[in-house]
Amino acid sequence: MGSVLNFPLYVLCNWWSKYWNYTDKELLQTVDHFKSMNIPLSVCIVDMDWHLTEVPGHDYWYGWTGYTANPKYFPDFESFIKQLHSRKIRTSVNLHPALGIRPHEAQYEEFCAWMGIDPSTKVTIPFQIENPHFAEGYFKILHHPYEAKGVDFWWIDWQQGTKTSLRGVDPLFVLNHNHALDFARDHIKRPFTFSRWTRYGGHRYPIGFSGDTVSTWETLAFQPYFTATAANVNFSWWSHDIGGHYKGQEEPELLTRWVQFGAFSPILRLHSTKNEMCVREPWLMVQPYQNAIAEAMRLRTRLIPYLYTGLHQNSVKGIPFLTPLYYEFPKDPMAYKARNSYFLGRNLLVSPVITPMIKSLNSACTEVYLPEGNWIDFNTAQLVKGGRSIKVYNDIESIPVFVRQGTILPLSKWEDSDDPNGNPLTLIVKVYPSDHAEYTLIEDDNETIAYQKKEIFCTEFSYKDQTLSIKTDKKAKAYLPFLRNYEIELVGLIVKGDFKAEVTETSTIIKLPGMDITANVTLKFSSVEPIDQHALKRKQLKKALANACGDVNLKNEILSAYDQGTLDQVLKKHRRKRILVAMVRAMTDY
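What counts, and where the lines are drawn
Residues numbered from 1 in each chain as written. Predicted model: local features only at pLDDT ≥ 70, side-chain atom pairs only at ≥ 80, totals over all residues. Heavy atoms only, no water. Pairing = 2+ DSSP bridges. Helix = DSSP H or I, 4+ residues; strand = E, 2+ residues; numbered from the N terminus. Contact = heavy atoms within 4.5 Å. Axes fitted to C-alpha atoms, helices over the stretch in contact; angles between N-to-C directions. Core = buried A, V, L, I, M, F, W, Y, C linked by side-chain atoms within 4.5 Å. Buried < 20%, exposed > 50% of the residue type's maximum accessible area, 1.4 Å probe, protein only. Phe/Tyr/Trp six-rings, centres within 6.5 Å; stacked < 30°, edge-to-face > 60°. Lys NZ or Arg CZ within 6 Å of the ring centre and 35° of its normal. Parallel < 35°, antiparallel > 145°, perpendicular 65-115°, else oblique. Left-handed = near helix turned anticlockwise from the far one by under 90°. Nonpolar A, V, L, I, M, F, W, Y, C, P; charged D, E, K, R; others polar. Salt bridge = Lys/Arg side-chain N within 4 Å of Asp/Glu carboxyl O. Polar contact = N/O pair within 3.5 Å; in protein donor to acceptor, adjacent residues only side chain to side chain.

Caption draft 1: Quick peek at the sheet that holds strand S7 (residues 238–239). Spatial ordering of the open sheet is given by S7-S6-S5-S4-S3-S2-S1-S8, a layout of eight strands whose pairing is parallel. Edge positions in the sheet fall to S7 and strand S8 (268–270), since each of these pairs with one other strand and no more. With two bridges joining them, strand S4 (residues 153–156) and strand S5 (residues 194–196) adopt parallel strand pairing. Note on S5: the bridge partner recorded for Trp155 is Phe194. The sheet strands contacting helix H2 (residues 77–86) are strand S2 (43–46) and strand S3 (90–95), and the helix crosses S3 at an angle near 135°.

Caption draft 2: Summary view of the nonpolar core. Membership of the largest hydrophobic core comes to 137 residues, with the highest contact counts inside it found for Phe77, Tyr138, Phe264 and Ile488. Contacts of Phe264, omitting those with residues within four sequence positions, involve Leu299, Arg300, Leu303, Leu322, Tyr342, Leu344, Leu348, Val350, Phe378, Ile399 and Val401.

Caption draft 3: Looking closely at the packing of aromatic side chains. What the rule picks out here adds up to 48 aromatic pairs. Considering the side-chain rings of Phe264 and Phe378, the 6.1 Å spacing of their centres and the 85° angle between planes classify their relative orientation as edge-to-face. Placement of the pair is Phe264 in the loop between helix H8 (252–263) and S8 and Phe378 in the loop between strand S13 (374–377) and strand S14 (383–385), with a sequence separation of 114 residues. For Phe264, a relative accessible area of 3% corresponds to the buried category. Residue Phe378 is classed as buried on the basis of its relative accessible area of 15%. Judged by centre distance (5.7 Å) and plane angle (85°), the rings of Phe499 and Phe525 are edge-to-face. Taken together, the residues span a long stretch of sequence, with Phe499 in the loop between strand S23 (493–497) and strand S24 (502–503) and Phe525 in strand S26 (residues 521–530) at a distance of 26 residues. What makes Phe525 buried here is its relative accessible area of 1%. Residue placement shows Arg102 over the ring face of Tyr62; its charged tip is 4.2 Å from the ring centre.

Caption draft 4: Structural view of the packing of helix H3 (residues 108–115) against helix H4 (residues 132–142). Relative orientation of the contacting elements H3 and H4 amounts to 150°, with a least axis distance of 10 Å. It follows that H3 is roughly antiparallel to H4 by the angle criterion. Crossing geometry of H3 relative to H4 is assigned as right-handed. For the pair H3 and H4, contact is made by Glu110, Phe111, Trp114 and Met115 and by His133, Phe134, Glu136, Gly137, Tyr138, Lys140, Ile141 and Leu142, respectively. The residue inventory of the contact of H3 with H4, partitioned by class, reads seven nonpolar, two polar and three charged.

Caption draft 5: Representation of the sheet that holds S23. Reading across from one edge, S19-S20-S21-S26-S23 is the order of the five strands in this open sheet, with antiparallel pairing throughout. Edge positions in the sheet fall to strand S19 (436–443) and S23, since each has one partner strand and no second. Strand-to-strand twist in this sheet, taken as the mean axis angle between neighbours without regard to direction, amounts to 25°. Bridging between S19 and strand S20 (residues 457–464) involves eight bridges; their strand directions are antiparallel. Across the sheet, the residue bridging to Glu443 is Phe457, located in S20.

Caption draft 6: Expanded view of the pattern of salt bridges. Per the counting criterion, the structure on display carries 31 salt bridges. Members of the salt-bridge network, linked through shared partners, are Arg90, Asp152 and Glu447.

Caption draft 7: Quick peek at unusual backbone geometry. In this chain, Gln287 is followed by Pro288 through a cis amide linkage whose omega measures 5°. Here Pro288 shows up in the loop between S8 and helix H9 (289–302). Its identity as a non-glycine residue notwithstanding, Lys88 has a phi of 60°, on the positive side. Residue placement: Lys88 occurs in the loop between H2 and S3. Classification of Lys88 as partly exposed rests on a relative accessible area of 40%. Despite not being glycine, Lys247 shows a phi value in the positive range, around 55°. Relative to the helices and strands, Lys247 is located in the loop between S7 and H8.

Caption draft 8: Representation of the environment of Asp76 in the model. Mapped onto the secondary structure, Asp76 falls in the loop between S2 and H2. A relative accessible area of 43% means that Asp76 is categorised as partly exposed. Each C-alpha atom, one on Asp76 and one on Asp24, is 8.6 Å from the other, the two residues being 52 residues apart in sequence. Looking at Asp76, its side chain comes within polar contact range of the main-chain nitrogen of Ser79, at 3.1 Å.

Just distances and angles here, no functional claims.
Given below as structure tokens:
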């Protein structure tokens, strides 16, 4: 099948992409608005209006293909890209190459000369990517000049069939293959494309674009299953239109749940069709949706060290990064039936919210199957025994995510770094201990193919015998900070030792500032005690009751009964309050 090549780290952060005829100033204002909300972005896609689309005497579809920067919206295209780069934002532009090169293009005469065509004929030069001579000019004349101006990668938005002049040759596959080869021509950059599905083997040219989806709950409900099962052909790196593309319905709750799914999916790319009311800007949402979307996008950036290590493992070891549950539990029949759940890496079990909230509870109910073992709720730090299905209630702030016990999870405290999309100055290290836990974080220069020669930096974390160890490579790298801060969080535990620590409701936090990047660290714990799980459960129950609609005395009676150990009797007494009782039983069952 071939291996998945590493792509640059910036691909894993948040993308802005909307089919809209933005001016350069409007796009920069949009990017700056995200920053003003403290939401990191790494990519700004410019859809087809980057080039001339309105050609006198021709209809809309004539402008579908284009290579001439549109002076109406981008009077200085190169300067616009430089301004994006100064904000540490990369860019890609949309390609619909099927209609060939037409006489109105700035590159027409040069391409005619390349192909041996008289430009005075004003004929359209047909698209022939299967023709090696055409393909060479396609890159040299139409693409390399824009790359020299700063275009970082290309969006191959092919929609015009599977045939070329050569029988059995699919133009989209050839486009991906040739773009990847051309992108790697300097033997430095990592070759990748952003493209529609190229059929089997397309995993070698990530990133995949899953197409124009309808904005409905049904579409959202299908995407976790679609994304996970794509691992069966080693296609892990899908980019969905987060929020859906068109038609359907537009509502803040649906967009919020889609973004939360995006935070725990391969690529988070906000997108929609050219409709002003297909709103993807978080700041146009009312509360609490605005905050929930912003927090999901911040969390996405926090996850980058974990995501990037997963990318490396996918590339070097062939291990798909996002998989169905049966990859980890092949002998468990229920793992094959859990369509809405998947593993992100080996350690995070994710079950996105795919239904609207129950109005009387202001929470959504999601059935989650947890395989055998112990799991920790990522949002609450509650310990849950697996081997069963549970019902999880989430308000608009979160979705069900469970961490396998024995996990060490590296996260980026991106706020401490000049570039939120780079190797972090401060690592948050979440430890979910069992008898033994270990994890190797992989970092590199994030841009070049040097990783293929094992030019990487490994940091090994382990927990065993009440000791946490950090072991690093001994040679500092230019792409890493000389000094690194660690914030170690032992989730669900109260630990003591010869160090300063902060104990919270859910964990113990140990801060180690200004550590030499090559220094090894050993923390020995003199005592280890579990956090009071009863108190954690009570806190979540109280929050859920507070947000539910209902009689205040009834809610107080339920909470008091939980404290007194008489909850079952009280719930039987109020069994006609079916929806509320079901939530309380589910929340106190695990």
